[in-house]
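# Coordinate inspection notes
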Amino acid sequence: VNFRRLANPWLLFALGVGLIRLSVANDYYFTLLNIIGINTLLVVGLNLLLGYAGQISLGHAAFFGLGAYTTGILTAIYGLSPWLALPAGLVVAGAAAFLVGIPALKLKGYYLAMATLGFGIIVSIFFNQAQELTGGPSGLSGIPSLSLAGFPLDSPDRLFLLIWPVLGVILLLSANLVDSRLGRSLRALHDSEAAAQSLGVNTSRAKLLIFVWSALYAALAGSLYAHTLNFIAPTSFNFMFSIKLVTMVVVGGMASIWGSLLGAAVLTILPELLTVFHDFEIIIFGAILMVVIIFLPRGLVRGILDLWEYRRYKKEGGTFPVA
Amino acid sequence: LISDNHLESLSPLLQYLISGLTNGAIYALIALGFSIIYNSTTIINFAQGEMVMLGALCAISLYHHVPSLPLAFIGGVAVVTLVGLLFERLALRPVRDQSPIVLIIITVGGAVFFEGVAMMIWGKEAYSLPPFTGNAPIHLFSATLLPQNLWVIGLGALLVLLLEAFFRFSLVGKAMRASSYNRQAARLVGIPVNRMVQLSFGLAAALGAAGGILVAPLTLGVYDMGAMLGLKGFSAAIFGGLGSILGGVLGGLIIGVAEALASGLISSGYRDAVAFLILLVVLFFRPQGLMGGRR
């Protein structure tokens, strides 16, 4: 047996998912794991945009919401099959991203951040106000569960078997995308748009492509979310959640596929742990957010590696090469 | 009779205009806070709206202990100014040269933190502050307005004029402007740039707090009022041209009036969307804003 080969991260991922499926026997943990999986989907998509291409979106929750509400409305109100509603969600979110992306991606830095923020807030107000369609602030219930070839995916442990393999495929797809021609042009335009253009990269096309692509991830996550919880409400898709997604990207590490999984896991589990503090919960969450970013602005993995290397350099009496 | 009908149809418009200008004055004060901080650091401080909330709630608490409105006003502004100064020193100075994304997350973390602190101190209920000079409605043509509307618009205008005078004529104000134009050159002529940056956070916090206290008698003070106000103030700042005082004031007033008209004539549910719709249109067609691009 070639053990080197077994250390392949994809194999480890599959192994880990299998082991978790066998060892966990509690619906609460499966629900948590499913939410982590869905959030990871969102974060990987946003990381392609933010970490690799360097384009900020503060309105990503809107695409998540468009996916969730499209499938939710089509299945709960119009009785469509979830497997038809899901592609409809992708189309709606993708079209929205395309239409918003054309003017928005001409903007840079803060201005792009604000345009996506404004879009996100408008969409979330729409979810609240279009009551006859979305159920308004009290939410949309009665969204059916998915079923696969007559096998209903109506419990958290069964959904786990759908969400995590799907996530694995998406992660693999994203890792390949990053190493593709498009991925290379994204990293090039991240560093210098002018330089990328001068080398023949159609930067506005590449930016729009990755914007729509990451919106599709968000819409897929939204559909899965709607069918996982069978209920959706506008608060899951508001400005705060967009910010939380950006935070997951940064905490996990920009331009890192596996970092996305870590960031999503940490920031999904943290509020659960903090519920023991009741009213102090949001203070502590805000404080942790600030402290982690202030001291580890490059994310958890990179930040801890930096600290470790810094100590090693100090021990050897050398100077730390500052990045 | 015809002219009477005319007045009749005009009266709701006048009413919307008054309530729009009142809200707009608050947006303008918040927008100025964004612009002052942006000029000195190029940071967008998402905790700006929380200063409005803290101002309102601090003043209300002070008023409960010492029932004097001027004291509550000054005390509230002073406490929040201190919060602004500390926030800069503790959360933002250590990370001065980070990327915008990191800075955005820190200020959002600050906003969440302040909101949490406020929820712990004041709970989730809304508190009221008595109006500055009674509640007797004033009739203006066929519209009615409260004395507090006049206070908000009048004191708001006074604050803006004071701010402009401060930047134009005082030594400290000139030093702050110098540091925002060219940090290195300012340092060379002996301006303590770090202190100017901190001062800009204090000034922005003070403006936000003043806005919160002015509007508290009309809208009540509650722990989660800051986020939406902050984002709208930010839209106003972008609309007017980030960094411009006149632009921020115009942006705030126009957004306030547009919102009031939209909620009166179209639908009150989509009222909050107006500011952001304007934000999108401005960003797509004139990203430098109304008054931007001159500097």
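What counts and how
- Residues numbered from 1 in each chain as written.
- Chains lettered and ligands numbered in written order.
- Predicted model: local features only at pLDDT ≥ 70, side-chain atom pairs only at ≥ 80, totals over all residues.
- Heavy atoms only, no water.
- Helix = DSSP H or I, 4+ residues; strand = E, 2+ residues; numbered from the N terminus.
- Rg over C-alpha atoms; globule rule 2.2 N^0.38 Å.
- Contact = heavy atoms within 4.5 Å.
- Areas by Shrake-Rupley, 256 points an atom, 1.4 Å probe, with all protein chains shown as cover.
- Lys, Arg positive; Asp, Glu negative; His and termini not counted.
- Charge placed at Lys NZ, Arg CZ, Asp CG, Glu CD.
- Buried < 20%, exposed > 50% of the residue type's maximum accessible area, 1.4 Å probe, protein only.
- Buried area = accessible area lost by both parts, 1.4 Å probe.
- Polar contact = N/O pair within 3.5 Å; in protein donor to acceptor, adjacent residues only side chain to side chain.
- Core = buried A, V, L, I, M, F, W, Y, C linked by side-chain atoms within 4.5 Å.
- pLDDT = per-residue confidence, 0-100.
- Axes fitted to C-alpha atoms, helices over the stretch in contact; angles between N-to-C directions.
- Left-handed = near helix turned anticlockwise from the far one by under 90°.
- Nonpolar A, V, L, I, M, F, W, Y, C, P; charged D, E, K, R; others polar.
- Phe/Tyr/Trp six-rings, centres within 6.5 Å; stacked < 30°, edge-to-face > 60°.
- Expected span 1.5 Å × (residues − 1).
- Salt bridge = Lys/Arg side-chain N within 4 Å of Asp/Glu carboxyl O.
- Patch = residues over 30% accessible without salt bridge, like charges linked within 9 Å, V, L, I, M, F, W, Y side chains within 5 Å.

## Quick word on the overall build of chain A
Helix and strand counts for chain A stand at 15 helices and four strands. In terms of overall size, chain A behaves like a compact globule, its C-alpha atoms giving a radius of gyration of 20 Å where 323 residues would be expected to give roughly 20 Å. If one aligns the C-alpha atoms of chain A with their principal axes, the spans along those axes are about 65 × 50 × 50 Å. Taking as baseline every contact in chain A between residues at least 6 positions apart, the subset at least 24 positions apart corresponds to 76%. Within the structure as shown, chain A displays about 14,700 Å² of accessible surface, and the carbon and sulfur contribution to it stands at 66%. Positive and negative charge centroids in chain A, built from 18 and 13 side chains respectively, lie 13 Å apart.

## Let's talk about the overall build of chain B
Of the regular secondary structure elements, chain B holds eleven helices and two strands. When the helices and strands of chain B are placed in sequence order, the string is α-α-α-α-β-β-α-α-α-α-α-α-α. In terms of overall dimensions, chain B is globule-like: its C-alpha atoms have a radius of gyration of 19 Å, near the 19 Å expected for 295 residues. In chain B, which comprises 295 residues, the share counted as buried stands at 54%.

## Quick word on the interface of chain B and chain A
It is common to report an interface's size as the accessible area lost on association of the parts. Each partner contributes to the interface: chain B provides 43 residues, whereas chain A provides 40 residues. In total, about 3,500 Å² of surface goes out of reach between chain B and chain A, with carbon and sulfur atoms giving 87% of it. The largest contributions to the chain B side of the interface with chain A come from B:Ile101, B:Ile105 and B:Phe284, which together make up 17% of the buried area. Scanning the region where chain B abuts chain A turns up three residue pairs in polar contact (both at pLDDT 80 or more). Counting only elements with at least two residues in the side of chain B that touches chain A, the list comes to α3 (69-92), α4 (100-122), α9 (226-240) and α11 (271-285) of chain B.

## Re the nonpolar core
Counting residues in hydrophobic clusters, the biggest one holds 200 residues, and the most contacted among them are A:Leu58, A:Met114, A:Trp164 and B:Phe46. No other element matches helix α3 (residues 27-52) of chain A, which puts 15 residues into this core. Those residues in contact with A:Met114 that lie beyond four places of it in its chain are A:Leu58, B:Phe46, B:Phe234, B:Ile238, B:Leu279 and B:Leu283.

## Observations regarding the confidence of the model for chain B
All names here are of chain B. Summary statistics for chain B give a mean pLDDT of 89 and a share of 96% for residues scoring 70 or more. Low pLDDT, under 50, characterises residues 1-7; the stretch is placed with one contact to residues that sit more than four places away or in other chains. Interface confidence in the predicted complex, given as ipTM, is 0.85; pTM for the same model is 0.88.

## Comments concerning the packing of helix α4 (residues 60-76) of chain A against helix α5 (residues 82-104) of chain A
Two numbers describe a pair of packed helices, the interaxial angle and the distance between the axes. Residue and element names in this part refer to chain A. Two elements in contact, α4 and α5, have axes separated by 8 Å at closest approach and are oriented at 145°. Once α4 is placed against α5, the crossing between them reads as right-handed. Residue-level inspection shows Phe63, Leu66, Gly67, Thr70, Thr71, Leu74 and Thr75 of α4 in contact with α5, the latter providing Pro82, Ala85, Leu86, Ala88, Gly89, Val92, Ala93, Ala96 and Ala97. Grouping the constituent residues of the contact of α4 with α5 by class yields eleven nonpolar, five polar and no charged.

## Let's talk about the packing of aromatic side chains
The relation between two aromatic rings is expressed through the spacing of the ring centres and the mutual angle of the planes. All names here are of chain A. A complete count under the given rule lists 25 aromatic pairs over all chains for this structure. A centroid spacing of 5.2 Å and a plane angle of 55° characterise the contact between Phe64 and Tyr225, whose relative ring orientation is tilted. A residue pair is termed long-range when its members are at least 10 positions apart, and Phe64 in helix α4 and Tyr225 in helix α11 (residues 203-229) qualify at 161 residues. Just as Phe64 is buried, Tyr225 falls in that class too. An angle of 55° between the planes, with centres 6.3 Å apart, marks the rings of Phe126 and Phe127 as tilted. When its relative accessible area of 35% is taken as the criterion, Phe126 is described as partly exposed. Pairwise contacts between aromatic rings join Phe64, Tyr69, Phe126, Phe127, Tyr225, Phe237 and Phe241 into one cluster.

## Considering helix α2 (residues 9-23) of chain A
With 15 residues, α2(A) extends 20 Å between its outermost C-alpha atoms, agreeing within 8% with the 21 Å of an ideal straight helix rising 1.5 Å per residue. Regarding α2(A), its N-cap is A:Asn8, as a side-chain oxygen of that residue lies 2.7 Å from the backbone nitrogen of A:Trp10 further along.

## Here's the deal with the pattern of salt bridges
Tallying each qualifying case throughout the model produces eleven salt bridges over all chains. The partner of A:Asp179 in a salt bridge is A:Arg187, and the shortest N-O contact between them spans 3.8 Å. A salt bridge links B:Glu259 to B:Arg271; the shortest N-O distance between them is 3.3 Å. Remark: B:Arg271 occurs in helix α11 and B:Glu259 occurs in helix α10 (residues 245-265); sequence separation between them is twelve residues. On the accessibility criterion, B:Glu259 (0% relative accessible area) is buried. Assessed through its relative accessible area of 25%, B:Arg271 is described here as partly exposed. Through salt bridges with shared partners, one network takes in B:Lys232, B:Glu259, B:Arg271 and B:Asp272.

## Topic: the environment of A:Phe231
Its place among the elements puts A:Phe231 in strand β4 (residues 231-232). Leave out the neighbours within four places in its chain, and A:Phe231 touches A:Ser138, A:Gly139, A:Leu140, A:Ser141, A:Ile143 and A:Ala226.

## Focus: a nonpolar patch on the surface
A surface patch of nonpolar side chains, amounting to about 470 Å² of accessible area, comprises A:Ile77, A:Tyr78, A:Phe126, A:Leu133 and B:Tyr270. In this fold, A:Ile77 is placed in the loop between α4 and α5. Judged by its relative accessible area of 42%, A:Ile77 is partly exposed.

## Observations regarding the environment of B:Phe239
Residues and elements named next belong to chain B. Inspection of the secondary structure puts Phe239 in helix α9. By relative accessible area, which is 11% here, Phe239 ends up buried. With 135 residues separating them along the chain, Phe239 and Ile104 place their C-alpha atoms 20 Å apart. If sequence neighbours within four positions are ignored, Phe239 has contacts with Gly251, Ile254, Ile255, Ile278, Val282, Gly289 and Leu290.

## Looking at the environment of A:Leu296
Residues and elements named next belong to chain A. Relative to the assigned elements, Leu296 resides in the loop between α14 (281-295) and α15 (300-315). In this structure the C-alpha to C-alpha distance between Leu296 and Leu148, which are 148 residues apart in sequence, comes to 43 Å. Residues contacting Leu296, with those up to four places away along its chain left out, are Val291, Gly303, Ile304 and Leu307.

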